[in-house]
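A structural walkthrough
Take a look at the letters that make up each chain.
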Amino acid sequence: RFSWQASGGGLVQPGGSLRLSCVGSGFSSDYYAIAWFRQAPGKEREGISCISMKDGSTYHADSVKGRFTISRDNTNNTVYLQMNSLKPENTAVYYCAAGSAPYSGSYSVFVADCRSRYGMDYWGKGTQVTVSS
């Protein structure tokens, strides 16, 4: 079974950094994007970062742009989310997910899928990130 598992969460002080990892188990030629979502208590699941596994294009939500960076290591089938300058409002459960829709080559379609939880097909268990002093 192809799956993804997020790890690397924990407790960090405001202004600190964490690096989350999403490791794929098995291989799939169907996925075209790997995304990071987060869900804070009482809020909807939010797509924050995404990377195309076809051409390397990336997307970052405005709320994290300039602070979070998504990257990939194809050799180890791993996607990372480097989170810098963390804020208390970033406290949430962070999930990684994979989308398997046919690759269109359209950046707008890629972004739309990355922004919506319904654009993703494969979900892993989340990892808790808590930003607090």
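For the structure, check the block above.
Since we're looking at a predicted model, the values are computed, not measured. (Residues numbered from 1 in each chain as written. Predicted model: local features only at pLDDT ≥ 70, side-chain atom pairs only at ≥ 80, totals over all residues. Heavy atoms only, no water.)

This part covers the sheet that holds strand β1 (residues 3–7). Remark on secondary structure: sheet strands pair via backbone hydrogen bonds, oriented parallel or antiparallel. Read from one edge to the other, the open sheet built from 4 strands follows the order β1-β3-β8-β7, with strand pairing classed as antiparallel. Each edge of the open sheet carries a strand with a single partner, namely β1 and β7 (68–73). Between one strand axis and the next, the sheet turns through 20 degrees on average, direction left out of account. Where β1 meets strand β3 (residues 18–25), 5 bridges bridge the pair, whose relative direction is antiparallel. (Pairing = 2+ DSSP bridges. Helix = DSSP H or I, 4+ residues; strand = E, 2+ residues; numbered from the N terminus. Axes fitted to C-alpha atoms, helices over the stretch in contact; angles between N-to-C directions.)

Attention shifts here to the pattern of salt bridges. Tallying each qualifying case throughout the model produces 2 salt bridges. As a salt-bridge pair, arginine 38 and glutamate 46 come within 3.2 Å of each other at their nearest N and O atoms. For arginine 38, a relative accessible area of 8% translates into the label buried. Close ionic contact of lysine 65 with aspartate 62 constitutes a salt bridge, the shortest N to O distance being 3.6 Å. Judged by its relative accessible area of 68%, aspartate 62 falls in the exposed class. (Salt bridge = Lys/Arg side-chain N within 4 Å of Asp/Glu carboxyl O. Buried < 20%, exposed > 50% of the residue type's maximum accessible area, 1.4 Å probe, protein only.)

What follows covers the nonpolar core. When a protein is soluble and globular, its nonpolar side chains tend to lie buried together. Formed by 38 residues in total, the largest nonpolar core has its most connected members in Ile34, Trp36, Phe68, Leu81, Met83, Tyr94 and Phe110. Leaving out residues up to four positions away in the same chain, tyrosine 94 has contacts with Ala6, Leu20, Trp36, Phe37, Arg38, Ile48, Phe68, Leu81, Met83, Gly126, Thr127 and Val129. (Core = buried A, V, L, I, M, F, W, Y, C linked by side-chain atoms within 4.5 Å. Contact = heavy atoms within 4.5 Å.)

Let us now look at unusual backbone geometry. We note that asparagine 77 has phi near 55 degrees; this positive angle belongs to a residue other than glycine. Looking at where asparagine 77 falls in the secondary structure, it is placed in the loop between β7 and β8 (78–83). For asparagine 77, a relative accessible area of 6% gives the class buried.

Right, let's talk about the environment of cysteine 96 for a bit. Among the secondary structure elements, cysteine 96 is positioned in strand β9 (residues 92–99). In this structure the C-alpha to C-alpha distance between cysteine 96 and alanine 6, which are 90 residues apart in sequence, comes to 6.0 Å. Excluding residues within four positions of it along the chain, cysteine 96 makes contact with Trp4, Gln5, Ala6, Cys22, Ala35, Trp36, Tyr122, Trp123 and Gly124.

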